[in-house]
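Summary of the model geometry
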Amino acid sequence: MKPAAAPSATVSAVDRACGELRSGRPILLNDTDDALGAGGSIVLPAALADPHWTAWAVRRTSGFLCAPLPNTVADALDLPLMAGNPGTRSSSTAFTVSVDAAAGTTTGISAADRARTARVLADPESVPADLIRPGHLVPIRVHETTAHPRTGRNEIAVDLCRIAGLPPVAVIGDLVADEGEILRPRSVTTLGIEHGLTTLSTVDVSEHRLFHGNGTAARVTRGDSTLMRTAHTDFDATVFHDEITGADHTVLRGPCTPTVPTVSVHLECHSGEVFGALTCSCGRRLQEALQQTAQDGGLLIYLRRGRSSLLSSPHRCTLADTGAVAAILSDLGVATIRLRGDGIDPTALASANVTVVAGPNREQERS
């Protein structure tokens, strides 16, 4: 198996950014996907929007500020799409009708007025009558993000607010240079340094979700447990539902599992396990892992992908798989392990506070 890449200081970057958002300060968000037109945005927490940083955002952008929010919030506030057809491209932005706060504003265009409108959008007690249509702040409907589809800055901005423990509504604007051109990632980073603002990339947040969830739900949720009788031994089996991929993973705990367990990770493979394909060794390796876990104790984590495939992709461990393993171990209260096999990168697990140690299990040797 090809090991997953380590998530490159993901946790510290996102945690630092969320701390800034909780203090009411903005962060700068870089999109490094050139196919989507790499650029950067300023992200403010709508719930804590104030005139100072809203005015700063107006000066550093084209002045066109939007408020990404979940569909559920848009429905509750009666915010239909600005046009009946949101666009023919799959990446089209779902702008809703523009709004102003119904109370506490004047013309609606000032920084103070737009900050007030943002706070109304983020207030869970707000109702449709609290907003005037049209106005000077443009909400954007966003869908829940997942591990695989492209995640843009609007979705990421909502995720960041949620992870920070704030209402999932942001204020966002595309950063531009003095000449009016989109500010590219390197210049965005320079701008952040000049003004003491935290800068992170969309990749940082996407990877963070793979290990820690979206701030509302953890990456995995523990389900039912049962005693599974097999030809090897009786295993304690527990199901974990993956909140990102939708798959149900299974963890088998062997008898007399030591304090520092040996963990085997196996990726679901229909061709080798179900059909016995001669070109695939997955079925044999699964049986070997079951036998070893039955003899030595420890954990066997059987990962499903949410969809089946007969191609080679199930054999390749991804960062999403590593994140699921880390989240499962965290839920089980397991912080130190011995890792059997070469599918999961120990460095990636270490970034999620799971320590991988080497060498024989002395606890097993004494028994």
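Here the structure is shown first, and the text comes after it.
Residues numbered from 1 in each chain as written. Predicted model: local features only at pLDDT ≥ 70, side-chain atom pairs only at ≥ 80, totals over all residues. Heavy atoms only, no water.

**Observations concerning the overall build of the chain**
What the chain contains, in helices and strands, is 12 helices and 15 strands. Split into buried and exposed, the 367 residues of the chain put 47% on the buried side. For the chain, the computed accessible surface area is about 17,100 Å², with 52% contributed by carbon and sulfur atoms. (Helix = DSSP H or I, 4+ residues; strand = E, 2+ residues; numbered from the N terminus. Buried < 20%, exposed > 50% of the residue type's maximum accessible area, 1.4 Å probe, protein only. Areas by Shrake-Rupley, 256 points an atom, 1.4 Å probe, with all protein chains shown as cover.)

**Quick look at the nonpolar core**
Counting residues in hydrophobic clusters, the biggest one holds 31 residues, and the most contacted among them are Leu28, Leu79 and Leu121. Elements represented by at least two residues in this core include exactly strand S2 (39-45), helix H2 (51-60), strand S3 (66-70), helix H3 (71-76), strand S5 (99-101), helix H4 (111-122), strand S6 (131-142) and helix H6 (185-195). The element that contributes the greatest number of residues to this core is H4, accounting for 5 residues. (Core = buried A, V, L, I, M, F, W, Y, C linked by side-chain atoms within 4.5 Å.)

**As for the pairing of strand S9 (residues 220-229)**
Relative to strand S10 (residues 234-242), S9 is paired through 8 bridges, and the arrangement is antiparallel. Paired with Ser225 across the two strands is Thr238, which belongs to S10. Remark: 4 residues form the turn of the hairpin made by S9 and S10, two consecutive strands paired antiparallel. (Pairing = 2+ DSSP bridges.)

**Some details on the pattern of salt bridges**
Counted under the stated rule, the structure contains 12 salt bridges. Arg219 is the salt-bridge partner of Asp242, the closest N and O atoms lying 2.7 Å from each other. Linking Asp242 in strand S10 with Arg219 in the loop between helix H7 (202-212) and S9, this pair joins segments that are 23 residues apart in sequence. Each member of the pair Asp242 and Arg219 is classed as buried. The salt bridge partner of Glu288 is Arg284, with a shortest N-O separation of 3.0 Å. Placement of both Glu288 and Arg284 in helix H9 (residues 282-296) is noted, with a separation of 4 residues, approximately one turn of the helix. Look at the salt bridges and you will find they share partners, linking Asp31, Arg153 and Asp174 into a network. (Salt bridge = Lys/Arg side-chain N within 4 Å of Asp/Glu carboxyl O.)

**What to know about the packing of aromatic side chains**
Per the stated rule, a full pass over the model turns up 2 aromatic pairs. Plain terms: the ring middles of Trp53 and Trp56 are 5.8 Å apart, the flat faces sit at 65° to each other, and that makes the pair edge-to-face. Taken together, the positions of Trp53 and Trp56, both in helix H2 and 3 residues apart, correspond to about one turn of that helix. Note on Trp56: relative accessible area 6%, which makes it buried. (Phe/Tyr/Trp six-rings, centres within 6.5 Å; stacked < 30°, edge-to-face > 60°.)

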